[in-house]
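Structural description and commentary
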Protein chains: 2
Amino acid sequence: MQDNLEEILLSRKIHPTAMRLLVLDELSKSESALSLNDLEGHFERADRVTLYRTLKTFEKHKLVHRIEDGTGALKYALCEASCDCAPQDLHAHFHCNKCQSTFCLKDYHLSQMKTPNNFQVEEISLVIKGLCEQCSHVN
Amino acid sequence: MQDNLEEILLSRKIHPTAMRLLVLDELSKSESALSLNDLEGHFERADRVTLYRTLKTFEKHKLVHRIEDGTGALKYALCEASCDCAPQDLHAHFHCNKCQSTFCLKDYHLSQMKTPNNFQVEEISLVIKGLCEQCSHVN
DNA sequence: CTAAACTTTGCAATCGCATTGCATCCTTAT
DNA sequence: ATAAGGATGCAATGCGATTGCAAAGTTTAG
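What comes next concerns the included structure. (Residues numbered from 1 in each chain as written. Chains lettered and ligands numbered in written order. Predicted model: local features only at pLDDT ≥ 70, side-chain atom pairs only at ≥ 80, totals over all residues. Heavy atoms only, no water.)

1. Some thoughts on the protein's contact with DNA strand C
Around DNA strand C lies a shell of 18 residues, among which Asn37 and Leu74 of chain A together with Thr17, Arg20 and Arg53 of chain B are the nearest. Restricting attention to atoms of DNA strand C within 4 Å of the protein, one finds that 66% of them are sugar or phosphate atoms. Between arginine 53 of chain A and DNA strand C, the recorded distance is 3.0 Å, taken from a side-chain N or O atom to a base oxygen. If you list the elements that add at least two residues to the surface near DNA strand C, you get helix H3 (36-42) and helix H4 (48-60) of chain A together with helix H2 (18-29) and helix H4 (48-60) of chain B. Of the residues assigned to the surface near DNA strand C, the class counts are seven nonpolar, six polar and five charged. (Near = heavy atom within 4 Å. Polar contact = N/O pair within 3.5 Å; in protein donor to acceptor, adjacent residues only side chain to side chain. Helix = DSSP H or I, 4+ residues; strand = E, 2+ residues; numbered from the N terminus. Nonpolar A, V, L, I, M, F, W, Y, C, P; charged D, E, K, R; others polar.)

As structure tokens, this is what we get:
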């Protein structure tokens, strides 16, 4: 498992430090996208800025993608192994207005979405908001 | 025209003060969505917080809708007269990565978008980013 | 017409998240 | 071993959003 994580970092050309392995581990264990605050909550002793920069590094190397779910805080989720953050890799995200979780809808690819032909499209961000499965069952 | 603006406010049950008429006028003259900063730039003497609250009031009464285009600052655009911000009124937005303009793609309705059936959908935010028509012509 | 009640506006201040600068520590290459 | 480069920690700042409070303006009951 440790080895596995290390290989993941190496495959993205990210130097595998202890901190990065821990952050990657956290991200891979999480069902939902994590904000910097979320991440900080998982590490009593880690510095906020270090976590911030770790996420930035991951993002630059396309290990994670950022999600703007409108809560004010950016969230990050692991990319799939094959992901290159190219148009065909883009997918929708769901944000629960109740539990505030945000997760990837990996099956909702955005590459086939029709776009206005008078614009040069570079990225697409689709966030669906509502109640997640769990929260819609509980009343 | 003044009358017209006043009627618009009244139809949304917003008390038409001088400030609100001016802000509405600004919004209706603008091709693109405006941030609080944008708005502030148009009024030398207006207080930022008053503009902020004016937008909040407009939003509450569904005169404007907010757009999260990922630039960090919320933007606001006028709703159409018939808009009630219900699912069938939702449309996509385009954000130009060059000139930073954001505008409504009113023809891109989101109501017919298929959504995951294990979630209760309340809102959808679709932001397409790239180069707008103008900026893609200029090299 | 006037006083009370409510709304709107302006100013000061605060909060939260993102981001940067800089010094220190650690790792790597020579 | 040593210099060079990268990673980390701490302090500080920037910026947008938001709130509290008092002054000014508006509406309404009497």
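That was the structure; now back to the text.
2. Quick notes on the protein's contact with DNA strand D
For DNA strand D, the set of nearby residues contains 18 residues, the closest of which are Arg20, Thr50 and Arg53 of chain A together with Tyr52 and Leu74 of chain B. Sugar and phosphate atoms represent 69% of those atoms of DNA strand D found within 4 Å of the protein. Within the side chain of threonine 50 of chain A, one N or O atom sits 2.8 Å away from a phosphate oxygen of DNA strand D. Interatomic distance of 2.8 Å between a side-chain N/O atom of tyrosine 52 of chain B and a phosphate oxygen of DNA strand D. Among the secondary structure elements, those contributing two or more residues to the surface near DNA strand D are helix H2 (18-29) and H4 of chain A together with helix H3 (36-42) and H4 of chain B. The element best represented in the surface near DNA strand D is H4 of chain B, accounting for four residues. Its residues placed into classes, the surface near DNA strand D shows seven nonpolar, six polar and five charged.

3. Remarks on the packing of aromatic side chains
Following the criterion strictly, the structure yields six aromatic pairs over all chains and no others. Ring centres of phenylalanine 94 of chain B and phenylalanine 103 of chain B lie 6.0 Å apart, and the angle between their planes is 15°; on these two criteria the pair is classed as stacked. When sorted by exposure, phenylalanine 94 of chain B lands in the same class as phenylalanine 103 of chain B, which is buried. Among the aromatic residues, ring-to-ring pairing joins Phe94 and Phe103 of chain A together with Phe119 of chain B into one connected group. In this structure, lysine 114 of chain B is placed above the aromatic ring of tyrosine 108 of chain A, and the distance from its NZ or CZ to the ring centre is 5.5 Å. (Phe/Tyr/Trp six-rings, centres within 6.5 Å; stacked < 30°, edge-to-face > 60°. Buried < 20%, exposed > 50% of the residue type's maximum accessible area, 1.4 Å probe, protein only. Lys NZ or Arg CZ within 6 Å of the ring centre and 35° of its normal.)

4. Considering the side chain of histidine 93 of chain A
Along the chain, histidine 93 of chain A falls in strand S4 (residues 91-96). At a separation of 3.1 Å, a polar atom in the side chain of histidine 93 of chain A contacts the side chain of histidine 91 of chain A.

5. Some words on the interface of chain A and chain B
Accessible area lost when the parts come together is the quantity often used to give the size of an interface. Counting from both sides, the interface comprises 29 residues of chain A and, opposite them, 29 residues of chain B. Both sides of the chain A and chain B interface together cover about 2,600 Å² of buried area, and 56% of this is carbon and sulfur. Broken down residue by residue, the surface that chain A buries against chain B is led by Tyr108, Phe119 and Lys129 of chain A, which jointly contribute 21%. Across the contact surface, chain A and chain B share two salt bridges. Of the charged contacts, one joins lysine 129 of chain B and glutamate 68 of chain A as a salt bridge, the two residues approaching to 3.4 Å between their closest N and O atoms. Viewed at the interface, chain B and chain A are joined by 18 residue pairs in polar contact (both at pLDDT 80 or more). (Contact = heavy atoms within 4.5 Å. Buried area = accessible area lost by both parts, 1.4 Å probe. Salt bridge = Lys/Arg side-chain N within 4 Å of Asp/Glu carboxyl O.)

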